[in-house]
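Residue strings, one per chain:
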Amino acid sequence: MARLIAFNKPFDVLSQFTDKGTQGSTRKTLSAFIDVPKVYPAGRLDRDSEGLLLLTDDGKLQAKISNPRHKMAKTYLAQVEGDLTEAAIAQLCHGVELKDGMTRPARAKRVTEPDWLWPRTPPVRYRKSVPESWLELTITEGRNRQVRRMTAAVGFPTLRLIRLSIGPWLLDGLESGAWREEDPKKARP
């Protein structure tokens with residue numbers, strides 16, 4: 001039976017088990033949190049992003065989750081700089097032109113900061129003169145730093161980014177740095 005692990009990746013943690021690229025590096029990796037043999041990330045989450053990361057020991061499941069051709073929806077919570085406008089939300093919903101082409105249409109809506117959200121270490125830079133907004137964004141692609149590039153393209157740079165879900169799997173109640181076993185059968189259509 002395949003194993004599937006849901007992990008709430010903290011800020012400043014690499015989505016890999018080792019950091020061989022930098023000799024003597026002190027960057028945190030998944031090995032500081034997960035001591036489960038033979039599981040590997042299904043996709044990635046940038047070092048400066050937080051939230052749901054799935055890990056599995058099943059290559060087919062890993063491909064189904066991470067390969068963009070399967071169009072598995074991923075939902076993010078983004079704290080953005082500025083007072084988010086309806087025009088920007090409409091642009092995100094229709095697709096945004098990036099340097100590597102037009103994005104697929106996304107689902108986007110303005111939300112309030114959730115009361116369950118853990119504090120980030122280090123905290124997001126606060127500027128008294130610049131407002132902040134929160135956005136929930138669902139995409140079906142997996143381009144490099146896509147959400148950050150999309151929000152910047154519509155004039156609202158991302159300050160904090162948290163992945164809430166991947167397909168049927170949810171972050172729900174998982175503390176930052178914690179993990180739990182999930183049902184891999186949820187991936188079936």
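Parameters and conventions
Residues numbered from 1 in each chain as written. Predicted model: local features only at pLDDT ≥ 70, side-chain atom pairs only at ≥ 80, totals over all residues. Heavy atoms only, no water. Phe/Tyr/Trp six-rings, centres within 6.5 Å; stacked < 30°, edge-to-face > 60°. Helix = DSSP H or I, 4+ residues; strand = E, 2+ residues; numbered from the N terminus. Buried < 20%, exposed > 50% of the residue type's maximum accessible area, 1.4 Å probe, protein only. Pairing = 2+ DSSP bridges. 1 Å grid on protein atoms, 1.4 Å probe; cavity = no way out; pocket = protein on both sides within 12 Å on 5 of 7 lines; lining within 4 Å. Points joined across faces, edges and corners; volume = space filled by probe spheres on them. Nonpolar A, V, L, I, M, F, W, Y, C, P; charged D, E, K, R; others polar.

A. Representation of the packing of aromatic side chains. Under the counting rule described, the total for this entry stands at 2 aromatic pairs. Seen from their ring centres, phenylalanine 7 and phenylalanine 33 are 5.5 Å apart, and the 45° between their planes marks the pair as tilted. With phenylalanine 7 in strand E1 (residues 4–9) and phenylalanine 33 in the loop between E1 and strand E2 (40–41), this residue pair connects regions lying 26 residues apart in the sequence. Take phenylalanine 7: its relative accessible area is 0%, and that puts it in the buried class. Note on phenylalanine 33: relative accessible area 24%, which makes it partly exposed. Relative to tryptophan 118, the ring of tryptophan 116 lies with its centre 6.0 Å away and its plane at 45°, an arrangement referred to as tilted. Residue tryptophan 118 is classed as buried on the basis of its relative accessible area of 11%.

B. Here's a closer look at the pairing of strand E9 (residues 158–166). Taking burial as the measure, the 9 residues of E9 include 9 buried ones, the bulk of the element. For strand E3 (residues 50–56) and E9, the ladder comprises 2 bridges, and the chain directions are parallel. Following the sheet pairing, glutamate 50 is matched in E9 by isoleucine 162. Sheet topology note: the strand E4 (residues 74–81)/E9 ladder contains 7 bridges and is antiparallel. Within the sheet, the bridge partner assigned to alanine 78 lies in E9 and is leucine 161. Bridge analysis of E9 against strand E10 (residues 169–170) gives 2 bridges, and the strand direction is antiparallel.

C. Just the layout of surface pockets, in detail. In this structure, the largest pocket spans a volume of roughly 320 Å³. Contributing to the lining of the largest pocket are 22 residues, with Arg44, Tyr76, Gly142, Arg143 and Arg163 lying nearest its centre. When residues of the lining of the largest pocket are traced back to their parent elements, those giving at least two are helix H1 (59–66), E4, helix H3 (146–153) and E9. The residue inventory of the lining of the largest pocket, partitioned by class, reads 8 nonpolar, 6 polar and 8 charged. Along the walls of the second largest pocket sit Trp116, Trp118, Leu164, Ser165, Leu170, Leu171, Asp172, Gly173, Leu174 and Glu175, which together make up its complete lining.

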